[in-house]
Amino acid sequence: MNAWSNIKAIVKRELGGYFTSPIAYVFLIIFLLLTGFFTFTVGSFFERGEASLVSFFTWHPWLYLFLVPAVGMRLWSEERRLGTIELLLTMPVTTWQALVGKFLASWLFLALALALTFPVAITVNYLGNPDNGVIFTGYVGSVLLAGAYLAITSMTSAMTRNQVISFIVAVLICLFLILAGYEPVTGLLSRFASARVVDLVAAFSVMTHFEGFQRGVVDLRDIVFFASLMGFALFTTGVIIRSHRAG
Amino acid sequence: MIQVENLVKAFGPKLAVNNISFAVARGEVLGFLGPNGAGKSTTMRMVTGFIPPTSGTIRVGGFDVLETPLPAKRLIGYLPENAPGYADMTVQGFLSFAAELRGLRGAARRSAVDRAVELCFLENVRYQVIDTLSKGYKHRTGLAQSLIHDPDVLIMDEPTDGLDPNQKHEVRNLIKRMGSKKAIVFSTHILEEVEAVCSRVIIIDRGRIVANGTPDELKARAPNSGAAWLRVKGVPAAALTEALSGISSAANTEVLRDDEGTVEIRAYPDKTRAGVSLIRDVAELAAQQKWQLDELRTEEGRLDEVFRAITLPDTVKGH
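All of these numbers come straight from a predicted model, not from anything done at the bench.

## Notes on the interface of chain A and chain B
Right, so step 1: If you look at the interface, chain A gives 27 residues, while chain B gives 28 residues.
Right, so step 2: With both chains or domains summed, chain A and chain B bury close to 2,600 Å², and 60% of this area falls on carbon and sulfur atoms.
Right, so step 3: On the chain A side of the interface with chain B, the three residues burying the most area are R13, E86 and P92 of chain A, jointly 26% of the side's total.
Right, so step 4: If you look at where chain A meets chain B, you find 4 salt bridges.
Right, so step 5: Of the charged contacts, one joins D88 of chain B and R74 of chain A as a salt bridge, the two residues approaching to 3.8 Å between their closest N and O atoms.

Structural data, given as structure tokens:
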């Protein structure tokens with residue numbers, strides 16, 4: 001009970017932190033503009049002539065590649081730069097409560113950004129007769145994807161008090177997670193590696209596990225993948241924070 | 001309330017804190033003195049549970065900070081060095097956040113914030129963003145945060161750093177007032193502060209405790225503590241020195257000033273002989289010799305002299 005109210009207090013503070021500065025609004029606008037641009041222009045939504053949001057979700061791994069680290073880069077690095085980490089962790093709060101609270105706040109913020117794309121879903125329903133179940137699983141997959149990137153960003157932001165470094169390292173790791181299952185890369189890899197090796201590498205990719213959600217398939221293995229990726233990254237965040245404190 | 005035993009903290013091969021033990025009871029105000037980098041902040045960070053010690057035990061209110069950190073942390077109010085605060089929050093928001101993490105809810109939380117705002121004179125800036133505050137206000141916001149739950153144990157790292165003389169005075173009075181009901185530890189560079197506020201002083205140098213006692217006890221360790229200081233007109237310095245050296249309770253003398261017939265001279269007491277009054281002997285001698293005395297007084301040791309004597313690497317210790 002106590003743990004939960006601590007987490008809630010931290011979530012509230014973090015979310016408040018986003019909205020007291022204009023950065024949150026700027027981010028939301030950029031996110032919505034970019035999703036629109038990718039869906040309608042790059043993804044040629046209308047030319048497809050399909051009542052689906054494939055052209056919307058396909059771009060999310062790439063879009064999040066920059067936007068999620070931008071949201072998460074300050075999570076711990078700012079705390080270390082300001083010295084408030086000393087305040088936070090000497091409160092009657094455990095490290096994991098602080099960790100989860102901060103992560104949840106950013107995740108909620110990203111979920112809000114994603115929720116604001118609802119006009120796209122309305123548009124496609126107005127124009128045609130899409131399978132709304134597929135759209136729903138697409139959204140679920142997208143939220144999980146954002147969470148996975150965010151957990152990685154939380155880890156990189158715990159490593160440094162410099163937000164820029166934390167951003168760059170997070171982008172690099174997420175890029176690797178995309179490329180491991182990106183078709184041009186797997187195609188290149190399959191030329192000199194056996195199919196099993198290619199599959200093994202691709203199994204680490206968010207692309208492979210995000211794909212099912214876009215097709216309306218909720219595979220337990222995909223959920224486990226995203227959950228364990230988040231779990232691992234957050235656990236590592238905790239280890240990094242603890243090791244900083246131990247000096 | 002606080003018991004620290006054999007505390008050691010190593011950063012790599014360097015021992016930042018080397019086998020420190022001390023205890024603070026309720027009603028005590030303990031001042032931590034020491035040069036920069038002596039290990040004051042590191043010790044405080046370990047007591048508050050921010051960094052784990054390499055070895056040693058810390059108990060706060062009977063709770064082991066390592067084994068049962070949460071109950072120990074509940075008892076502690078902590079003002080870290082430089083009084084960090086969330087730059088994007090208002091004073092009000094920051095204090096309510098601190099109160100919430102301290103488990104205060106609803107009306108209790110509101111009144112706790114009100115009380116802290118009043119105690120630290122923050123009414124003027126209550127709804128201002130912390131980033132826009134002056135250093136003094138920022139510092140007092142940090143202080144308010146540490147007092148929000150009226151803690152039994154208060155640990156403050158340089159609580160008066162960056163304040164103007166009036167604010168320093170206010171904060172000292174606050175510490176003094178709270179000192180009767182709480183166990184307080186604070187670090188400082190300002191020696192007069194220690195004399196004004198502390199019931200006990202610990203001087204730390206290079207990770208070790210080099211002195212532990214009341215301010216008066218420490219002052220007695222100054223080399224000139226108990227010395228007789230006199231200013232005489234019309235008597236040559238050499239004659240004064242000779243006459244003073246003849247007093248049995250004086251160890252040696254030192255001429256401090258000698259110009260235009262005015263001599264200032266100090267006679268150090270012979271500390272091996274207890275129960276003799278140097279000043280009385282000097283006064284008798286002066287009367288006998290009919291010296292024209294301008295001033296005669298017993299010197300009290302000064303804390304800064306003690307501080308220098310025991311923390312400088314190449315001075316003779318044991319004065």
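Structure's up, so let's keep going.
## Quick word on the pattern of salt bridges
Residue and element names in this part refer to chain B.
Right, so step 1: Taken as a whole, this structure holds 27 salt bridges over all chains when the rule is applied.
Right, so step 2: Note that D205 and R206 form a salt bridge whose closest N and O atoms lie 3.1 Å from each other.
Right, so step 3: The class of D205 is buried, set by a relative accessible area of 7%.
Right, so step 4: Note on R206: relative accessible area 52%, which makes it exposed.
Right, so step 5: One network of salt bridges, in which partners are shared, links R231, E254, R257, D259, E264, R266, E295, R297 and E299.

## Quick word on the state of the cysteines
Right, so step 1: Under the criterion given, the structure shown has 0 disulfides over all chains.
Right, so step 2: Looking at C198 of chain B, it has no disulfide partner, and the nearest cysteine sulfur is the one in C120 of chain B, 18 Å off.

## A word on the domain arrangement of chain B
Right, so step 1: Taken domain by domain, chain B holds domain 1 (2–213) and domain 2 (228–299).
Right, so step 2: For domain 1 of chain B and domain 2 of chain B, the distance between their C-alpha centroids amounts to 46 Å.

## Examining the sheet that holds strand β12 (residues 250–259) of chain B
Residue and element names in this part refer to chain B.
Right, so step 1: As summarised here, the arrangement of the 4 strands in space is β12-β13-β11-β14, forming an open sheet in which the pairing is antiparallel. Among the strands making up the open sheet, the edge pair consists of β12 and β14 (292–298). Neighbouring strand axes in the sheet, compared pairwise and without regard to direction, differ in orientation by 15° on average.
Right, so step 2: Where strand β11 (residues 228–233) and β14 come together, 6 bridges link them in antiparallel fashion. Directly across from L230, in β14, lies its bridge partner L296.
Right, so step 3: The strands touched by helix α9 (residues 237–245) are β11, β12 and β13 (262–269); relative to β12, the strand with the most contacts, the crossing angle is about 165°.
Right, so step 4: With respect to the sheet, helix α10 (residues 278–289) is in contact with β11, β12, β13 and β14, its orientation differing from that of β14 by roughly 175°.

Conventions used here
- Residues numbered from 1 in each chain as written.
- Chains lettered and ligands numbered in written order.
- Predicted model: local features only at pLDDT ≥ 70, side-chain atom pairs only at ≥ 80, totals over all residues.
- Heavy atoms only, no water.
- Contact = heavy atoms within 4.5 Å.
- Buried area = accessible area lost by both parts, 1.4 Å probe.
- Salt bridge = Lys/Arg side-chain N within 4 Å of Asp/Glu carboxyl O.
- Buried < 20%, exposed > 50% of the residue type's maximum accessible area, 1.4 Å probe, protein only.
- Disulfide = S-S within 2.5 Å.
- Domains from an automatic or database assignment.
- Pairing = 2+ DSSP bridges.
- Helix = DSSP H or I, 4+ residues; strand = E, 2+ residues; numbered from the N terminus.
- Axes fitted to C-alpha atoms, helices over the stretch in contact; angles between N-to-C directions.

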